[in-house]
Amino acid sequence: MQLIDQMRRRAACHLDRDPVRIAPGRGVFSVSFDDFPETAWTEAGQILADHGVRATYYVCGGLEGGTNLDLPQFRTAHLEALAAAGHEVGCHTFGHTSVLRLDPAGLEASLDANARWVGERLGGYRMTTFAYPFGDASMTAKRVVRRRFALGRGVREGVNRGPEDRALVKSIGLESRRLPGYDLESLMADTGSTSGWLTAYGHDVSDRPTPYGCRPEDLDRVLRLARAAGLEIRPVGEAFAAMSGAINV
């Protein structure tokens, strides 16, 4: 099963692409949080506000008020607060299920459930971008995603520029354990000098993060570096919609 999953992920990266030209007028940086643990709002929300920027929160309605990786997950009050502050609410699968474990009908049902759940709590809010739980993508899932959303965000590393797969946009991880492996200054400078689009994804934000989270100072540093490189910081959906060459769906 593990080998088959690896092959499906690899095929999704290289086959059945839906190219769209990524060509912003200036370099752009987008921050997103997946699932999302409550600290992605209670801790990260203030850091974002201090920098005057907005992010994207990819929501699993089925995790609300529960735990994931032994961490308390968001509550509806957090969701309402971040939406009121102008942050984007994006879609995960309802129960945080990998698309590799769902056939097309099951994926559609999960997305429908998440859309209803969010819409009921945010006055009919419609999510326009999707992020793959665990970073798992498949060719069949991409077909569903590109029909229902403006884009799908994956976890394959790199700067988005020129022709990119609309259903599997690149992104870097914000994990504290991973950040030292990036030359962030060069990555931000490259994004700015080539008018690219760099997206990043995180999870929990705390002084003692999980292997998938980051410390508050790490998030603050990333945002400072993006500003220093002259990048415009916008939520994922807003950034994509504003780019020259981005297609309508």
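The structure this text deals with has already been given above.
Residues numbered from 1 in each chain as written. Predicted model: local features only at pLDDT ≥ 70, side-chain atom pairs only at ≥ 80, totals over all residues. Heavy atoms only, no water.

Colleague: So what about helix H3 (residues 44-51)? Which residues, and what values?
Modeller: Buried within H3 we find Ala44, Gly45, Ile47, Leu48 and His51. The buried side chains of H3 occupy one side of the element, clustering within an arc of 165 degrees when seen end-on. Check the buried side of H3 and you find it contacts strand S2 (28-35), helix H2 (39-42), strand S3 (56-59) and helix H8 (216-228). Among the residues trailing H3, Gly52 stands out with phi positive, at a value near 70 degrees. (Buried < 20%, exposed > 50% of the residue type's maximum accessible area, 1.4 Å probe, protein only. Helix = DSSP H or I, 4+ residues; strand = E, 2+ residues; numbered from the N terminus. Arc of directions from axis to C-beta. Contact = heavy atoms within 4.5 Å.)

Colleague: I'd like to hear about the layout of surface pockets, residue by residue, with values.
Modeller: Put simply, the largest pocket is a space of about 290 Å³. Tallied by class, the residues present in the lining of the largest pocket amount to seven nonpolar, five polar and five charged. What lines the second largest pocket is Arg9, Ala12, Cys13, Phe134, Gly135, Asp136, Ala137, Gly154, Val155, Arg156 and Leu168. Here the lining of the second largest pocket is built from residues that sort into six nonpolar, two polar and three charged. (1 Å grid on protein atoms, 1.4 Å probe; cavity = no way out; pocket = protein on both sides within 12 Å on 5 of 7 lines; lining within 4 Å. Points joined across faces, edges and corners; volume = space filled by probe spheres on them. Nonpolar A, V, L, I, M, F, W, Y, C, P; charged D, E, K, R; others polar.)

Colleague: So what about empty space enclosed by the protein? Which residues, and what values?
Modeller: All chains considered together, the criterion is met by one cavity of 30 Å³ or more. Lining the largest cavity we find Asp35, Pro37, Asn68, Leu69, Leu71, Gln73, His203 and Asp204. Among the residues forming the lining of the largest cavity, the class breakdown is three nonpolar, three polar and two charged.

Colleague: Run through the environment of Glu43, naming residues and quoting values.
Modeller: Topologically, Glu43 is positioned in the loop between H2 and H3. Taking the C-alpha atoms as reference points, Glu43 and Asp70, separated by 27 residues in sequence, lie 17 Å from one another.

Colleague: Explain the nonpolar core to me, and be specific about the residues and the numbers.
Modeller: Side chains of a nonpolar character, in soluble globular proteins, are inclined to be buried together. Membership of the largest hydrophobic core comes to 55 residues, with the highest contact counts inside it found for Phe29, Phe33, Phe36, Tyr57, Tyr132, Leu219 and Leu223. Per-element accounting of this core gives the leading share, five residues, to H8. Apart from the residues within four sequence positions on either side, Phe29 is in contact with Met188, Trp197, Leu198, Ala200, Val222, Leu223, Ala226, Leu231, Glu232, Ile233 and Arg234. Listed in part, the 13 residues of the second largest apolar core include Val20, Val28, Val169 and Phe240. (Core = buried A, V, L, I, M, F, W, Y, C linked by side-chain atoms within 4.5 Å.)

Colleague: How would you summarise the pattern of salt bridges if you had to cite specific residues and measurements?
Modeller: Summed over all chains, the structure comprises 22 salt bridges. Here Asp34 ties to Arg153 by a salt bridge, and the two come within 2.9 Å at their closest N and O atoms. Of this pair, Asp34 sits in strand S2 while Arg153 sits in strand S8 (residues 151-153), and the two are 119 residues apart along the sequence. Here Arg147 ties to Glu108 by a salt bridge, and the two come within 1.9 Å at their closest N and O atoms. Placement of the pair is Arg147 in helix H6 (residues 139-148) and Glu108 in helix H5 (residues 104-121), with a sequence separation of 39 residues. It is possible to trace a salt-bridge network through shared partners that takes in Arg54, Glu232, Arg234 and Glu238. (Salt bridge = Lys/Arg side-chain N within 4 Å of Asp/Glu carboxyl O.)

Colleague: Residues and numbers for unusual backbone geometry, please.
Modeller: Omega for the peptide link from Asp35 to Phe36 comes to 5 degrees, which places this bond in the cis form. Among the secondary structure elements, Phe36 is positioned in the loop between S2 and H2. Despite not being glycine, Asp16 has its phi angle at roughly 50 degrees, a positive value. Along the polypeptide, Asp16 turns up in the loop between helix H1 (2-14) and strand S1 (19-22). Overall, the relative accessible area of 26% leaves Asp16 in the partly exposed class. The backbone phi angle of Ser195 is positive, close to 50 degrees, even though this residue is not glycine. By the element assignment, Ser195 lies in the loop between helix H7 (184-193) and strand S11 (197-202).

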